Amino acid sequence: EYGLLGGNFLAEYVVEIDFPGRRVRLLDPKRFSVPASVAASDEAVVPVRLVSQRPGVEVEIEGAKALLMLDTGCPTPLVISGKLARRAGLSSAPVAGMTGGTVMGPMEVELGEAKSLRLGPFEFADVLLEVAPKGWYRLGFPEDSVIGYDLLAPFVLRLDYANERLWLRRTTQDPIRFASADTATYREVGALLIAKDGRFHAWVVRPDGVAARRGL
């Protein structure tokens, strides 16, 4: 079953999502508003742009700045449009069996990689991502691209709709995962392995990798 809490409801609160702690808190905006700036080295406040109550923040991909929608329902770090991928100089390739699923139905996606990615002051390297050659949601953001769960997973965040600010506190320096899969393992053996129901599922197998040569 599928359901969501929409922006018209969430905008009444400061929404705190503690990804490492797996907790969501709906906070009184009169008591817990996000300040304009913070001083701690592991924290940051970045501006938010609202499009029909959908929040977006700016990221920098390979030096190209873009406004991306926040989407906690997307299980990978990023889905970027083909247009943005070209502007950032990113290449991508189709992977057998790999498609993107949205509330609007299946979408064509390819596997790509960003050598450098920046969210506010936080920098990440060698991030696997999805490229949607024909775009993604088409929900009002010009880049037609989203930030997903895996890029947000290292943070505790507070989304302040009223002041259009996002507070981030980074809790881990671990590499960004892809659909919760360990990307270091992917680079070593050529398979994205996802633990589920006591088994490992291979979502992506690279044709030139060790796993493929051994028959996976």
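Residues numbered from 1 in each chain as written. Predicted model: local features only at pLDDT ≥ 70, side-chain atom pairs only at ≥ 80, totals over all residues. Heavy atoms only, no water.

Undergrad: Is there a simple way to think about the overall build of the protein chain in this case?
TA: On a plain count of helices and strands, the protein chain comes out with five helices and 17 strands. Here the C-alpha atoms of the protein chain give a radius of gyration of 18 Å, agreeing with the 17 Å that 2.2 N^0.38 yields for 216 residues. In terms of overall dimensions, the protein chain has a C-alpha envelope of 60 × 40 × 35 Å along the principal axes. By the burial criterion, 44% of the 216 residues in the protein chain qualify as buried. For the protein chain, the proportion of contacts with a sequence separation of at least 24, taken over those separated by at least 6, is 58%. Of the accessible surface of the protein chain, which amounts to about 11700 Å², a share of 49% is contributed by carbon and sulfur atoms. For the protein chain, the centre of its 26 positive side-chain charges and the centre of its 27 negative side-chain charges are spaced 1 Å apart. (Helix = DSSP H or I, 4+ residues; strand = E, 2+ residues; numbered from the N terminus. Rg over C-alpha atoms; globule rule 2.2 N^0.38 Å. Buried < 20%, exposed > 50% of the residue type's maximum accessible area, 1.4 Å probe, protein only. Contact = heavy atoms within 4.5 Å. Areas by Shrake-Rupley, 256 points an atom, 1.4 Å probe, with all protein chains shown as cover. Lys, Arg positive; Asp, Glu negative; His and termini not counted. Charge placed at Lys NZ, Arg CZ, Asp CG, Glu CD.)

Undergrad: Honestly, the pattern of salt bridges in this entry has me stumped. Any pointers?
TA: Opposite charge on two side chains lets them pair, provided their charged atoms get close. In the structure shown here, the tally under the stated rule is nine salt bridges. The residue E108 makes a salt bridge to K134 at a minimum N-O spacing of 3.9 Å. Highlighted residues: E108 in the loop between strand 10 (105-107) and strand 11 (110-119) and K134 in the loop between strand 12 (122-132) and strand 13 (146-147), separated in sequence by 26 residues. The exposure class assigned to E108 is partly exposed, which follows from its relative accessible area of 41%. On the accessibility criterion, K134 (63% relative accessible area) is exposed. (Salt bridge = Lys/Arg side-chain N within 4 Å of Asp/Glu carboxyl O.)

Undergrad: Is there a simple way to think about the packing of aromatic side chains in this case?
TA: Two measures describe an aromatic ring pair: the distance that separates the ring centres and the angle between the ring planes. Evaluation of the coordinates by the stated rule reveals five aromatic pairs. Pairing F9 with Y13 gives two aromatic rings, centres 5.6 Å apart and planes at 50°, and the pair type is tilted. We classify F9 as partly exposed; its relative accessible area is 38%. Ring geometry for F19 against Y149: centres 5.3 Å apart, planes inclined by 75°, an arrangement best described as edge-to-face. (Phe/Tyr/Trp six-rings, centres within 6.5 Å; stacked < 30°, edge-to-face > 60°.)

Undergrad: Sorry if this is basic, but what is going on with the pairing of strand 1 (residues 14-18) here?
TA: Extensive coverage of strand 1 is indicated by the burial of four of its five residues. Sheet topology places strand 1 next to strand 14 (residues 155-160); five bridges connect them, and they run antiparallel. The residue bridging D18 from the neighbouring strand is V156, located in strand 14. Strand direction decides the pairing type here: strand 1 and strand 2 (residues 23-27), joined by five bridges, are antiparallel. Pairing of D18 across the sheet is with R23, part of strand 2. What sits between strand 1 and strand 2 in their antiparallel hairpin is a turn of four residues, with R22 showing a positive phi close to 55°. (Pairing = 2+ DSSP bridges.)

Undergrad: What should I look at first to understand unusual backbone geometry in this one?
TA: Most peptide bonds adopt trans geometry, and most residues besides glycine take a negative phi value. Phi is positive for R22, close to 55°, though the residue is something other than glycine. Among the structural elements, R22 can be located in the loop between strand 1 and strand 2. One non-glycine residue, D126, lies in positive phi territory at about 55°. Residue class for D126 comes out partly exposed when judged on its relative accessible area of 33%.

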